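Notes for the structure review
Next come the chains, spelled out residue by residue.
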Amino acid sequence: MAVREGLLALLDAGPRVGHQLKTGFEAATGGVWPLNVGQVYTTLDRLERDGLVATAEADGQRTYSITDAGTAALGAWWEAVGGDDPPPRDELMLKVLMALDRGPDHALAVVTAQRTALLALLQRRRRDQRGRATDPAVGGEALAAVLVDDALVLRAEADLRWLDQCEARVLQARR
Amino acid sequence: MTVTDTLAPPEPVPPVDAIRFLDVAKTYGSGDNAVTALAGVTLTVAAGEMVAIMGPSGCGKSTLLHLAGGLEDPTSGTVVVGGRPVSAMTPSQRATMRRRDVGYVFQRLNLVPSLTALENVMLPLELDGIPTRDARDQAREALSAMGLDRLDRYPDDFSGGQQQRIAIARATTGTRRLVLADEPTGALDTANGDQVIELLAALPARGAAVVLVTHEPRFASWADRVVFLRDGRVVDQSEADDGGRR
Ligand SMILES: Nc1ncnc2c1ncn2[C@@H]1O[C@H](COP(=O)(O)OP(=O)(O)O)[C@@H](O)[C@H]1O
Ligand SMILES: [Mg+2]
């Protein structure tokens with residue numbers, strides 16, 4: 001996602017002014033993507049230039065709305081799926097591959113260090129969770145933050161499993 | 001409460017090491033058939049601490065637990081349980097240590113099928129000479145702490161997760177302060193696994209030490225410390241860096 005898709009998604013719900021788009025964008029993205037106002041207006045200008053957004057002036061305020069072309073572009077974005085050809089250039093994966101290129105011992109050292117750090121992250125989150133009461137019912141912004149948290153935990157778990165796999169395969173190859 | 005009680009608060013109890021491994025090695029077989037399971041492990045688990053052990057298959061995790069429970073002897077090095085070196089114990093002291101101090105939870109569900117849940121937990125207590133009435137009270141208490149009821153049912157009448165909770169009750173009744181759990185979630189789905197680990201993770205607050213072998217990061221993350229083994233050695237440790245224990 002780029003800022004433009006995010007803004008189109010917000011405008012799909014109805015016309016907005018610039019500062020509403022900024023706060024709406026930040027809330028919807030669970031706090032992981034702060035924007036400055038300049039970015040919002042530059043992006044809106046480009047969207048207008050491309051015919052995806054229309055503007056109207058009233059009481060000295062400029063209101064933005066999505067056009068039919070904008071709705072179509074947004075629909076295409078909702079439907080697009082990330083491909084794996086070529087595979088995404090994942091930072092952790094590339095780091096381990098480069099380490100392996102230096103030799104199995106270096107690969108194992110890198111796997112170990114990365115795994116320890118990821119597990120410490122999971123332990124910290126678990127500790128925070130235990131500090132909180134049982135999961136409260138969440139909605140809106142709080143739900144977005146919880147989903148961000150879930151994503152970080154589950155990805156760390158997946159990365160840890162992959163690192164375990166790397167370790168086992170490197171050990172097997174070395175024997 | 002007396003005046004002296006208010007004036008002199010009790011000295012904080014110094015942390016006791018539940019188990020210590022000092023440069024412990026274990027080799028199975030000899031000559032060409034020798035397999036080194038542990039190649040010099042030094043590790044301490046304190047009372048009130050939960051430590052997870054992770055590492056690839058065959059790296060020596062189960063061997064470590066066997067040595068901790070006095071089920072096997074190290075080839076070299078020292079295993080100290082509750083302040084006493086296991087190697088210095090007579091066979092009968094060692095048997096007593098296994099009965100009184102150490103509780104096991106295994107991957108396979110290993111309750112006695114012909115005994116009820118309550119009787120399964122009472123059994124080791126009665127073997128240890130605790131009168132039936134007291135054993136029953138202690139067993140009931142441990143089982144209800146695990147959220148179990150209708151204790152006159154047989155293991156087969158309980159789900160896998162519940163059976164593992166009965167095993168934890170059995171491993172924590174009486175004076176047991178060291179709980180050794182070897183892949184206790186291996187036979188369970190995620191939800192039941194979570195429940196079992198949550199119960200294990202609650203034990204340190206009551207003073208027990210827990211050593212948990214698992215390959216699931218999700219479960220290991222409950223531990224205060226995660227120790228990574230490879231080829232019989234500790235390669236790294238990760239601590240929940242919140243600036244101190246509970
Ligand atoms: N009783 C035994 N006799 C011979 N070899 C054994 C015995 N127990 C374990 N081993 C070997 O010792 C190594 C460590 O085993 P184990 O502690 O069970 O590993 P883990 O639990 O990490 O998978 C393995 O190579 C295993 O084959
Ligand atoms: Mg094992």
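Computed from a predicted model, the values in this text were never measured in an experiment.

What follows covers the overall build of chain B. Summing up its helical and strand segments, chain B has eight helices and ten strands in all. Rg of the C-alpha trace for chain B: 19 Å, near the compact-globule value of 18 Å for 246 residues, within the 12% margin. Taken along its principal axes, the extent of the C-alpha atoms in chain B is 55 × 55 × 40 Å. Burial status across chain B gives 48% buried among its 246 residues. When contacts within chain B are restricted to residue pairs at least 6 apart in sequence, long-range pairs at least 24 apart make up 68% of them. Accessible surface, chain B: about 11,500 Å² in total, of which carbon and sulfur atoms supply 50%. Measuring between centres, the 25 positive side-chain charges of chain B sit 4 Å from its 31 negative side-chain charges.

To continue, consider the sheet that holds strand β2 (residues 53-58) of chain A. All names here are of chain A. Overall, antiparallel pairing links the three strands, which are arranged β1-β3-β2 in an open sheet. The sheet terminates laterally at β1 (16-17) and β2, the two strands that pair on one side only. Summarising the sheet, β2 and strand β3 (residues 61-66) pair through six bridges and their orientation is antiparallel. Across the sheet, glutamate 57 pairs through a bridge with arginine 62, a residue of β3.

Moving on, we get to the site of ligand 1. Residues and elements named next belong to chain B. In the vicinity of ligand 1, the contacting residues are Tyr28, Val35, Ala37, Pro56, Ser57, Gly58, Cys59, Gly60, Lys61, Ser62 and Thr63. Backbone polar atom of glycine 60 to an oxygen atom of ligand 1: 3.1 Å apart, as the coordinates give it. Bound to the protein, ligand 1 loses 59% of the 560 Å² it would expose on its own. Taken together, the elements giving at least two residues each to the shell around ligand 1 come down to β2 (35-46) and α2 (61-68). When residues of the shell around ligand 1 are assigned to their parent elements, the largest contribution, three residues, is made by α2. Broken down by class, the residue content of the shell around ligand 1 amounts to five nonpolar, five polar and one charged.

On to the domain arrangement of chain A. A common way to report how large an interface is uses the accessible area buried once the components associate. Residue and element names in this part refer to chain A. As assigned here, chain A comprises domain 1 (3-79) and domain 2 (91-174). Inter-centroid distance (C-alpha atoms) of domain 1 to domain 2 is 34 Å. With five residues of domain 1 at the interface, the matching set in domain 2 holds four residues. Carbon and sulfur atoms supply 77% of the area that domain 1 and domain 2 bury against each other, a total of about 260 Å² over both sides. By the criterion of area lost to domain 2, the three top residues of domain 1 are Ala27, Gly30 and Val32, representing 89% of everything that side buries. Linking domain 1 with domain 2 are zero salt bridges. Between domain 1 and domain 2 we count zero residue pairs in polar contact (both at pLDDT 80 or more) in total. Its residues assigned to classes, the side of domain 1 that touches domain 2 shows three nonpolar, two polar and no charged.

Turning our eyes to something else, we now look at the pattern of salt bridges. Following the criterion strictly, the structure yields 23 salt bridges over all chains and no others. The partner of aspartate 164 of chain A in a salt bridge is arginine 115 of chain A, with the nearest N and O atoms 3.0 Å apart. Of this pair, aspartate 164 of chain A sits in helix α7 (residues 140-174) while arginine 115 of chain A sits in helix α6 (residues 104-131), and the two are 49 residues apart along the sequence. Arginine 115 of chain A sits in the buried class, given a relative accessible area of 2%. Of the charged contacts in the structure, one is a salt bridge between arginine 230 of chain B and glutamate 167 of chain A, with a shortest N-O distance of 2.7 Å. Here glutamate 167 of chain A lies in helix α7 and arginine 230 of chain B lies in strand β9 (residues 225-230), a pairing that spans two chains. Residue arginine 230 of chain B shares its accessibility class with glutamate 167 of chain A, and that shared class is buried. Linked by salt bridges that have partners in common, Asp105, Arg174 and Arg175 of chain A together with Asp231 of chain B make up one network.

On to the side chain of threonine 112 of chain A. Inspection of the secondary structure puts threonine 112 of chain A in helix α6. A polar atom in the side chain of threonine 112 of chain A sits 2.7 Å from the backbone oxygen of leucine 108 of chain A. Beyond its immediate stretch of four places on either side in the chain, threonine 112 of chain A contacts Arg230, Val235 and Asp236 of chain B.

Our next topic: empty space enclosed by the protein. Residues and elements named next belong to chain B. For the structure shown, the criterion picks out two cavities of 30 Å³ or more. Taken as a whole, the largest cavity encloses approximately 40 Å³ of empty space. What lines the largest cavity is simply Leu65, His66, Leu71, Tyr104, Val105, Phe106, Leu180 and Asp182. Tallied by class, the residues present in the lining of the largest cavity amount to six nonpolar, one polar and one charged. For the second largest cavity, the calculated volume is near 40 Å³. Together, Asp73, Pro74, Gly77, Thr78, Val79, Val86 and Ser87 line the second largest cavity. Taken together, the residues of the lining of the second largest cavity break down into three nonpolar, three polar and one charged.

With that settled, the discussion passes to the sheet that holds strand β4 (residues 76-81) of chain B. All names here are of chain B. Here we have four strands laid out as an open sheet, ordered β2-β1-β4-β5, and antiparallel in their pairing. The two strands at the open ends of the sheet, each matched to only one other strand, are β2 and β5 (84-85). Two elements, strand β1 (residues 17-28) and β2, share nine bridges in a ladder whose sense is antiparallel. Along β2, the bridge assignment pairs arginine 20 with threonine 44. Along the sheet, α2 contacts β1, β2 and β4; its crossing angle with β1, the most-contacted strand, is approximately 120°.

Calculation notes
Residues numbered from 1 in each chain as written. Chains lettered and ligands numbered in written order. Predicted model: local features only at pLDDT ≥ 70, side-chain atom pairs only at ≥ 80, totals over all residues. Heavy atoms only, no water. Helix = DSSP H or I, 4+ residues; strand = E, 2+ residues; numbered from the N terminus. Rg over C-alpha atoms; globule rule 2.2 N^0.38 Å. Buried < 20%, exposed > 50% of the residue type's maximum accessible area, 1.4 Å probe, protein only. Contact = heavy atoms within 4.5 Å. Areas by Shrake-Rupley, 256 points an atom, 1.4 Å probe, with all protein chains shown as cover. Lys, Arg positive; Asp, Glu negative; His and termini not counted. Charge placed at Lys NZ, Arg CZ, Asp CG, Glu CD. Pairing = 2+ DSSP bridges. Near = heavy atom within 4 Å. Polar contact = N/O pair within 3.5 Å; in protein donor to acceptor, adjacent residues only side chain to side chain. Nonpolar A, V, L, I, M, F, W, Y, C, P; charged D, E, K, R; others polar. Domains from an automatic or database assignment. Buried area = accessible area lost by both parts, 1.4 Å probe. Salt bridge = Lys/Arg side-chain N within 4 Å of Asp/Glu carboxyl O. 1 Å grid on protein atoms, 1.4 Å probe; cavity = no way out; pocket = protein on both sides within 12 Å on 5 of 7 lines; lining within 4 Å. Points joined across faces, edges and corners; volume = space filled by probe spheres on them. Axes fitted to C-alpha atoms, helices over the stretch in contact; angles between N-to-C directions.

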